[in-house]
Each structure stands twice: as structure tokens, then as C-alpha cells.
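Residue strings, one per chain:
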Amino acid sequence: MRLLSLTVYRLEPILIEYRKNFPNVSIRLSNASCGDNKRAIVDGSADVAFVMLPQFEDSDLVIHPLRNEPIVLVGSPDCPLNSLPKSYENQKLSECLITNEKEGSYRRIFEEFLRERGIVPSNIMELWSIEAIKRSVMSGLGIAYLPLMAVQDEIKEGKLKIIPCEADLKQIYSQVVYTYTGIRDFSYLFLFNKSSLSRNLHNLFSK
């Protein structure tokens, strides 16, 4: 099974159980932007994609929303920026915005919010992974807009702090995407039948 995912933080226990149930099935897990994931499903180079995007429809795809994914602005505990209230407009931040690739869904949403407010970060640093972004933010290099599921442990441990942002930002959802013609029998079994695998998948994303 060729599996593309931006939600690997939730998939580990599911993949462990899948391997137990289907030991002879080869799994190739790739991490890519949501745009790349959708293209891979359409062209048949992947069987299933888990994407984090605003809810959407596409005539070429079958899409199942799984859950809302809160996205939060975070900084190091010593970051001088404590909030972005509605009154914060037409200003330049002293902080660098540390972010993923330009096609990233939550990056686009946050940069749209900054443009609408006239807020300009001191700089933009692009990094290749959420883990690299987190390490940079924890070291005090800047701020980042990331899924809560990716930073909740660091927040609990006091390594990161949430910077409240007063804005009506678009909601992001974990969604599973495939095509009826491209999905394989074992992928369908994994995702949507009434086995413990399927129940665990939906339970995991409903927490």
C-alpha cells in the first residue's frame, strides 16, 4: 500500500496494527504537501492520502473528513510576543516566521491573515519538517503556526507557549482521500470495513 500522510502523529498505532494483520503487504509511507498528495492520488502513484486542509470537494476524488485539527501560533517561553489581538494591525513583527513549504495549507491560511491585517514578520524561514520547525522555535529563532497535535507535548512540558491569535481563521480538517478506481482491496479493508483496524482509525481521529 502506498500511503501519503501529513498526519503521521496519529497514524503510528494504526500502522502497527495493520502490520500485524497484513504482514505480507508492503507499506510505503511518504510525507508531502497536500497539493502533492492530491496529485499522487489522481495519477495513481499513491493509494491513500491523509491530508490536512479546509474541507473541500473534488470530482476526481473520494474525500472523508475525519476531524477538525486546531492550528496554533507558538513561540518559545521567552518570546516577547504574547498575543495577536484584533487591534494588532499594520505593524512589523520583531519575530521571524518559521514555516513549511509554500504549498502548506496552514501556512497559506496564516499568511493570508497576516496580509489582511497588514502584519509583516521580520523574516521568513522555510524548513523541511515540523520537527525542524519546532526545534527552531524552541531555540528562540522565531514563531510558527502549527497543528496542535504536533506541539501539544512541548506545550505541556513548557518548551513552547501558545500565542493567542484573535482571528476567524479557516478551519483545517484531517481528511482521508482516495479514488474508487485507484484504491486497492486491502486499502479499502484497512480504512472502511468494520474490523478493529477501521474502528481504531476513526477512534484515533475523533479524539
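Residues numbered from 1 in each chain as written. Predicted model: local features only at pLDDT ≥ 70, side-chain atom pairs only at ≥ 80, totals over all residues. Heavy atoms only, no water.

Before going further, it helps to examine the side chain of Glu-154. In this fold, Glu-154 is placed in helix H5 (residues 148-156). Residue Glu-154 is classed as buried on the basis of its relative accessible area of 13%. (Helix = DSSP H or I, 4+ residues; strand = E, 2+ residues; numbered from the N terminus. Buried < 20%, exposed > 50% of the residue type's maximum accessible area, 1.4 Å probe, protein only.)

We now examine the layout of surface pockets. Its boundaries defined by the atoms lining it, the second largest pocket holds a volume of some 190 Å³. Lys-86, Ile-109, Glu-112, Phe-113, Glu-116, Arg-117, Glu-166, Ala-167, Asp-168, Leu-169 and Lys-170 together form the lining of the second largest pocket. Classifying every residue of the lining of the second largest pocket gives four nonpolar, no polar and seven charged. (1 Å grid on protein atoms, 1.4 Å probe; cavity = no way out; pocket = protein on both sides within 12 Å on 5 of 7 lines; lining within 4 Å. Points joined across faces, edges and corners; volume = space filled by probe spheres on them. Nonpolar A, V, L, I, M, F, W, Y, C, P; charged D, E, K, R; others polar.)

Glancing now at the nonpolar core. In this structure, Val-74, Leu-84, Phe-110, Ile-143 and Leu-146 are the most contacted members of the largest nonpolar core, which totals 35 residues. Considering every element that reaches this core, the biggest residue donor is helix H3 (residues 105-117), with five residues. Sequence-distant contacts of Ile-143, that is, excluding residues within four places in its chain, are made with Leu-73, Val-74, Gly-75, Cys-79, Leu-81, Leu-93, Glu-95, Cys-96, Leu-97, Ile-98, Val-137 and Ile-163. Counting 10 residues, the second-largest nonpolar core is a separate cluster that includes Ala-40, Ile-41, Leu-53 and Ile-63. (Core = buried A, V, L, I, M, F, W, Y, C linked by side-chain atoms within 4.5 Å. Contact = heavy atoms within 4.5 Å.)

Mean pLDDT over the protein: 81, with 82% of residues reaching 70 or higher. Confidence, expressed as mean pLDDT per element, reaches its minimum in the protein at strand S1 (residues 2-5) with 45 and its maximum at strand S9 (residues 161-162) with 98. A low-confidence stretch, residues 1-5 (pLDDT under 50), is modelled with 38 contacts involving residues beyond four sequence positions or located in other chains. (pLDDT = per-residue confidence, 0-100.)

The topology assignment puts Ser-59 in the loop between strand S3 (48-53) and strand S4 (62-68). A relative accessible area of 78% places Ser-59 in the exposed class.

Spatially, the three strands line up as an open sheet ordered S8-S5-S9, and their pairing is antiparallel. Either end of the sheet is taken by a strand with one partner, and the two such strands are strand S8 (144-147) and S9. Across the sheet, H3 lies against strand S5 (71-75) and S8, angled at about 135° from S8, the strand it touches most. Across the sheet, H5 lies against S5, S8 and S9, angled at about 105° from S8, the strand it touches most. (Pairing = 2+ DSSP bridges. Axes fitted to C-alpha atoms, helices over the stretch in contact; angles between N-to-C directions.)

We now examine the packing of aromatic side chains. In this structure the tally under the stated criterion is two aromatic pairs. Ring geometry for Phe-110 and Phe-113: centres 5.6 Å apart, planes at 35°, overall tilted. With Phe-110 and Phe-113 both in helix H3 and three residues apart, the pair spans about one turn of that helix. Residue classification places Phe-110 among the buried positions, given a relative accessible area of 2%. A relative accessible area of 4% means that Phe-113 is categorised as buried. An aromatic cluster of at least three residues, connected via ring pairs, comprises Phe-110, Phe-113 and Tyr-145. (Phe/Tyr/Trp six-rings, centres within 6.5 Å; stacked < 30°, edge-to-face > 60°.)

Take the pairing of S5 next. For S5, the buried fraction is high: five of the five residues fall into the buried class. Across four bridges, S5 lies against S8 in antiparallel orientation. Pairing of Ile-71 across the sheet is with Pro-147, part of S8. Taken together, the two bridges between S5 and S9 define a ladder with antiparallel strand orientation. If you follow Val-74 over to S9, its bridge partner there is Ile-162.

A few words now on H3. Given 3.6 residues per turn, any residue in an α-helix points the same way as the ones three and four places further on. Compared with an ideal rise of 1.5 Å per residue, which puts 13 residues at 18 Å, H3 spans 19 Å between its outermost C-alpha atoms and is within 8% of the ideal. Positive phi appears at Gly-118, one or two residues downstream of H3, with a value of about 70°. (Expected span 1.5 Å × (residues − 1).)

Before going further, it helps to spend a moment on empty space enclosed by the protein. Going through the model one piece at a time under the given rule, you end up with one cavity of 30 Å³ or more. Taken as a whole, the largest cavity spans an internal volume of roughly 40 Å³. Taken together, Leu-97, Ile-98, Thr-99, Tyr-106, Arg-107, Phe-110 and Tyr-145 form the lining of the largest cavity. When residues of the lining of the largest cavity are traced back to their parent elements, those giving at least two are strand S6 (96-99) and H3. Broken down by class, the residue content of the lining of the largest cavity amounts to five nonpolar, one polar and one charged.

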